Amino acid sequence: MFTCEVDIQKDLTSVSLAGELSIYSAAQLFNEHIKTLDYSNDFLVNLQGVEEIDTAGVQILLMLFRRVWHEGKTCEVTGMSASVQNYLNLFNLNEAMPVSGLQLS
Amino acid sequence: MPSEAALEIFYAESDELLEAMDSALLRMEDGEYDSEILNEIFRSAHTIKGSAGIFGLDHIVEFTHVVENILDRARDDEIRIESELLNIIFKCRDHMSVLVHASSDEFAEDDAMQEAGRLLLESLKPWAQAAEPESSSDDPNSTPATQAGNWHISLRLTPECLRNGMDPNSFVSFLGSIGTVVYIETLMDALPEFDNFDPEVLYLAYEIALDADVDRDAIENAFAFVQEDSQIRILPPDSVVDEYVALIEALPESNERIGEILIRCGAISEQTLQQALATQLGEKVAHGKARQIGELLEDEKGVSNKVVQAAVDKQRSSEIKKPASTAPQLIRVDAERLDHLINLIGELVINRQRVDLLAAHTGNESLIEAVNSLGGFTELLRDAALNLRMVPIGSTFQRFKRIVRDTAQELGKNIQLVIEGAETELDRLMVEKLTDPLTHIVRNAMDHGIEPLEVRRENNKPEAGTLKLAAFHDAGNIVIEISDDGGGIVPEKIRAKAVEKGVIDEDTHLPEQDILQLVFHPGFSTAENVTNLSGRGVGMDVVKRNVEALQGHIEIHSVVGEGTTFRIRLPLTLAIIDGFHVSTGQTQFIVPQAAVIECTDLASHIDKNGRNCINLRGDMIPYVALREIFQLPDKEPDIEEKSKERTDNLLVVQVGEDRAGILVDHLHGEVQTVVKPMGPIFKPLKGVGGSSLLGNGDIAFILDITQLIETVITVEAHEL
């Protein structure tokens with residue numbers, strides 16, 4: 001189970017993901033949420049509430065980042081969880097998901 | 001985080017490996033000792049350890065690792081597995097089974113389990129190697145089999161692996177547990193356009209530098225369960241530059257890209273890479289084609305295979321395939337799906353009867369013929385489906401080899417197990433339910449049946465007691481016999497105990513067979529010492545109940561001083577039977593066809609002396625009328641049609657050596673029907689073993705011939 005909250009301001013879209021981002025819900029997460037977003041803004045991604053993440057979940061995040069960058073916008077992580085950090089450390093992917101200077105709680 | 005599904009596969013495959021290991025150990029005990037069997041046992045432990053590692057089941061890895069070392073030494077001829085060590089290995093195998101079925105959490109909380117493991121590993125010490133080869137770089141004298149340094153591992157898993165429950169996370173974590181991941185690069189080259197992205201497909205690839213002091217096997221092992229199309233390339237430390245060049249060539253990404261990654265991994269230096277690529281390129285230009293990869297690898301050390309997935313293939317084929325070269329191809333099927341299929345076929349069979357009937361009514365020739373043909377196929381379909389449920393009883397019997405061995409040791413008796421008819425097949429569901437009753441009877445026979453050594457010697461019996469498990473088909477049943485050549489059951493002792501327990505009165509007189517049957521009475525036991533194994537009086541009655549729950553019967557035959565035989569008779573399947581439809585009055589019955597030997601009429605054979613038996617070509621056979629047994633109402637005299645027909649039809653049936661005649665009003669022909677068991681409320685109803693739905697919607701009672709014959713013979717005995 002996961003939750004995906006999206007908050008759209010004039011220039012900034014904030015996406016908050018929480019729960020389990022895994023193969024079991026990957027299709028749903030991507031097709032019903034990530035894919036439907038409007039990518040004309042800068043993005044902030046809050047992963048603080050992510051309790052579990054696996055490779056399928058990480059792939060979706062990577063795709064999200066790429067998509068935003070494709071439009072020439074910025075995309076940064078504003079909140080990190082232990083499980084996501086562990087994964088990124090294990091696979092040396094910290095550079096793939098830059099963390100913002102801002103820390104929104 | 002591997003999926004539930006993957007974990008299930010791990011359990012199932014580990015169980016199989018453990019059974020194979022058990023079987024091999026038993027063969028070794030019987031005298032088989034060669035490199036093949038040692039390899040077999042080693043590989044079982046090795047594979048379980050490796051897969052347990054992937055799933056993070058450290059408690060299994062730790063224990064099995066030590067056992068594996070011992071087996072490895074035996075494989076290398078450094079030690080020999082004699083009976084003392086063999087005994088310990090048996091126990092280790094059992095403990096491995098316990099560990100496999102315990103989760104990491106359960107293990108952490110179970111002190112007894114941990115202690116048991118510790119003790120076993122302690123007992124292995126005399127045979128264990130002094131230096132453990134799996135420690136990392138702080139051991140300067142690593143054994144030659146391992147290589148210390150930076151291994152390079154290139155992971156290209158199949159896109160489907162996420163769907164199949166394998167996450168690269170598991171592999172990388174595992175690698176981290178046997179060494180240090182010095183560098184890892186996640187390649188995202190294959191990530192598609194946003195709109196083409198399939199969230200359940202793996203697009204990532206990995207290049208890993210692993211600092212570890214291990215042998216190649218330890219790394220390959222991690223990928224034993226991975227898909228066949230995955231490409232995993234492993235380069236040991238100190239691989240020659242040419243090998244890296246070969247890797248660069250083999251990988252799909254551009255040479256420069258891979259080269260850069262290898263530099264970052266620390267595998268080779270930039271300079272070396274440039275030189276090698278230039279040479280390669282130079283050769284291409286010079287000779288018009290590049291040197292084959294194979295040639296490049298001619299003069300290396302440490303790389304025994306080509307730089308391809310051969311390592312993985314070899315791993316899979318040698319470890320997961322069973323040793324028998326003629327093993328049939330097996331697939332795993334969910335038992336529920338199988339049962340569902342068989343249920344549907346059962347319904348099909350019932351429907352077909354109905355169609356048969358209706359077609360007959362129409363009198364339409366072509367229709368009747370077509371329906372007949374349909375019937376033929378339905379029968380074949382039914383048989384094929386039932387065959388799916390049938391398994392040879394051999395695998396159940398096999399398990400007893402271990403039980404007999406261990407129990408004999410415990411009792412200090414020498415007992416040989418003989419198995420006959422292992423190929424006899426019976427319904428899968430029954431096999432599972434038989435294990436407990438059989439175990440109890442076997443233990444009982446070993447504990448009380450077979451006499452202690454001195455007693456046997458005194459009676460000039462062979463020192464080794466014999467326990468025989470036999471199975472065979474008879475009259476549509478499967479018969480399972482457990483016999484021993486022990487002291488037999490002494491009827492007087494049984495009788496005395498029964499009186500003592502108030503089961504029967506002092507002055508009740510029973511024929512011998514009935515006295516023996518008292519053994520199945522609840523709360524009954526004649527064992528002087530209630531041992532761990534049997535004799536608590538809760539065993540035999542449960543055995544009988546279990547057997548009867550399977551629509552079966554159990555009897556005892558015994559000769560004092562010579563031995564005892566328990567005979568269990570079960571229907572071949574609980575699902576569908578071929579039967580003979582008969583009726584008496586308005587009540588329909590079905591007689592299992594396999595039990596019917598003959599169909600005749602009463603008038604021609606009736607005994608002149610008025611006894612209830614018939615003279616069948618010289619043999620006197622008792623008979624009884626269904627009308628009497630089930631107290632069915634008398635025929636009504638004014639149903640004209642029926643009264644003109646002959647109503648003294650006699651079916652001669654046989655079970656084992658007993659024959660009897662069953663008198664019915666009318667015969668209706670052959671049917672195949674789905675057996676619906678009677679509910680527990682009908683248990684006292686002797687003679688009926690189930691019910692069935694006929695084509696016309698009527699309910700027919702399926703006769704339990706064995707019970708019926710018993711009734712007939714008892715009635716006869718009382719009348720004589």
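Residues numbered from 1 in each chain as written. Chains lettered and ligands numbered in written order. Predicted model: local features only at pLDDT ≥ 70, side-chain atom pairs only at ≥ 80, totals over all residues. Heavy atoms only, no water.

K.L.:
Go over the overall build of chain B with me, naming the residues and quoting the values.
P.N.:
Helices and strands together make up the secondary structure of chain B, namely 25 helices and 21 strands. Sequence-distant contacts, at least 24 apart, represent 70% of the contacts inside chain B between residues at least 6 apart. If you sum the accessible surface of chain B, you get close to 35,800 Å²; carbon and sulfur atoms cover 51% of it. (Helix = DSSP H or I, 4+ residues; strand = E, 2+ residues; numbered from the N terminus. Contact = heavy atoms within 4.5 Å. Areas by Shrake-Rupley, 256 points an atom, 1.4 Å probe, with all protein chains shown as cover.)

K.L.:
Talk me through the packing of helix H2 (residues 35-54) of chain B against helix H7 (residues 168-178) of chain B; I want residue IDs and the actual numbers.
P.N.:
All names here are of chain B. Two elements in contact, H2 and H7, have axes whose closest approach is 8 Å; the angle formed by their N-to-C orientations is 110 degrees. In this view, H2 runs roughly perpendicular relative to H7, as classed from their interaxial angle. Contact residues: Gly 50, Gly 53 and Ile 54 in H2; Ser 170, Phe 171 and Phe 174 in H7. (Axes fitted to C-alpha atoms, helices over the stretch in contact; angles between N-to-C directions. Parallel < 35°, antiparallel > 145°, perpendicular 65-115°, else oblique.)

K.L.:
Outline the pattern of salt bridges, supporting the account with residue identities and numerical values.
P.N.:
Residue and element names in this part refer to chain B. Overall, the coordinates contain 35 salt bridges over all chains when judged by the stated rule. Here Arg 352 ties to Asp 356 by a salt bridge, and the two come within 3.0 Å at their closest N and O atoms. Taken together, the positions of Arg 352 and Asp 356, both in helix H14 (residues 335-362) and 4 residues apart, correspond to about one turn of that helix. Exposure remark for Asp 356: the relative accessible area of 22% places this residue in the partly exposed category. Where Arg 457 meets Glu 463, a salt bridge forms, and the shortest distance between an N and an O atom there is 3.0 Å. (Salt bridge = Lys/Arg side-chain N within 4 Å of Asp/Glu carboxyl O. Buried < 20%, exposed > 50% of the residue type's maximum accessible area, 1.4 Å probe, protein only.)

K.L.:
Requested: an account of the interface of chain A and chain B, with residues and values cited.
P.N.:
Contacts between chain A and chain B engage 26 residues on the former and 27 residues on the latter. Roughly 2,300 Å² is buried in total at the junction of chain A and chain B, and carbon and sulfur atoms are behind 67% of that figure. Per-residue buried area on chain A facing chain B is highest for A:Gln59, A:Met63 and A:Phe91; these three make up 27% of the total on that side. The tally of links between chain A and chain B comes to 0 salt bridges. (Buried area = accessible area lost by both parts, 1.4 Å probe.)

K.L.:
Give me the lowdown on the packing of helix H1 (residues 4-29) of chain B against helix H16 (residues 394-411) of chain B, citing residues and values where you can.
P.N.:
Between two packed helices, what matters for the description is the angle formed by their axes and the separation of those axes. All names here are of chain B. Viewed as axis vectors pointing N to C, H1 and H16 meet at an angle of 55 degrees, and their least axial separation amounts to 10 Å. Judged on the interaxial angle alone, H16 and H1 are oblique. Here H1 and H16 pass one another in a crossing that is left-handed. Across the interface between the two elements, Asp 22, Leu 26 and Glu 29 of H1 pack against Lys 401, Arg 402 and Arg 405 of H16. (Left-handed = near helix turned anticlockwise from the far one by under 90°.)

K.L.:
Can you lay out the packing of aromatic side chains for me, pointing to particular residues and giving the numbers?
P.N.:
Each aromatic ring pair is characterised by the separation of its centres together with the angle its planes make. Applying the stated criterion across every chain, the model contains 13 aromatic pairs over all chains. Ring centres 5.9 Å apart and planes at 50 degrees place the aromatic pair B:Phe10 and B:Tyr11 in the tilted group. A residue is classified by how much of its surface remains accessible, and B:Tyr11, at 22% relative accessible area, is partly exposed. Taking 5.5 Å as the distance between ring centres and 35 degrees as the angle between the ring planes, the aromatic pair formed by B:Phe197 and B:Tyr203 counts as tilted. There is no split in this pair, since B:Phe197 and B:Tyr203 are both buried. Within the aromatic cluster, the residues linked to one another by ring pairs are A:Phe30, A:Tyr39, A:Phe43, B:Phe194, B:Phe197 and B:Tyr203. (Phe/Tyr/Trp six-rings, centres within 6.5 Å; stacked < 30°, edge-to-face > 60°.)

K.L.:
So what's going on with the confidence of the model for chain B? Residues and values would help.
P.N.:
Residue and element names in this part refer to chain B. Per-residue confidence for chain B gives a mean pLDDT of 79; residues scoring 70 or more make up 83%. When the elements of chain B are averaged for pLDDT, helix H12 (residues 293-296) gives the smallest value, 34, and helix H4 (residues 83-100) the largest, 92. Throughout residues 131-144 the model reports pLDDT below 50, and contacts reaching past four residues in sequence, or to other chains, amount to 16 contacts. Segment residues 285-326 is flagged for pLDDT under 50; beyond a separation of four residues in sequence, or across chains, it makes 62 contacts in the model. The complex model carries a pTM of 0.50, and its ipTM stands at 0.93. (pLDDT = per-residue confidence, 0-100.)

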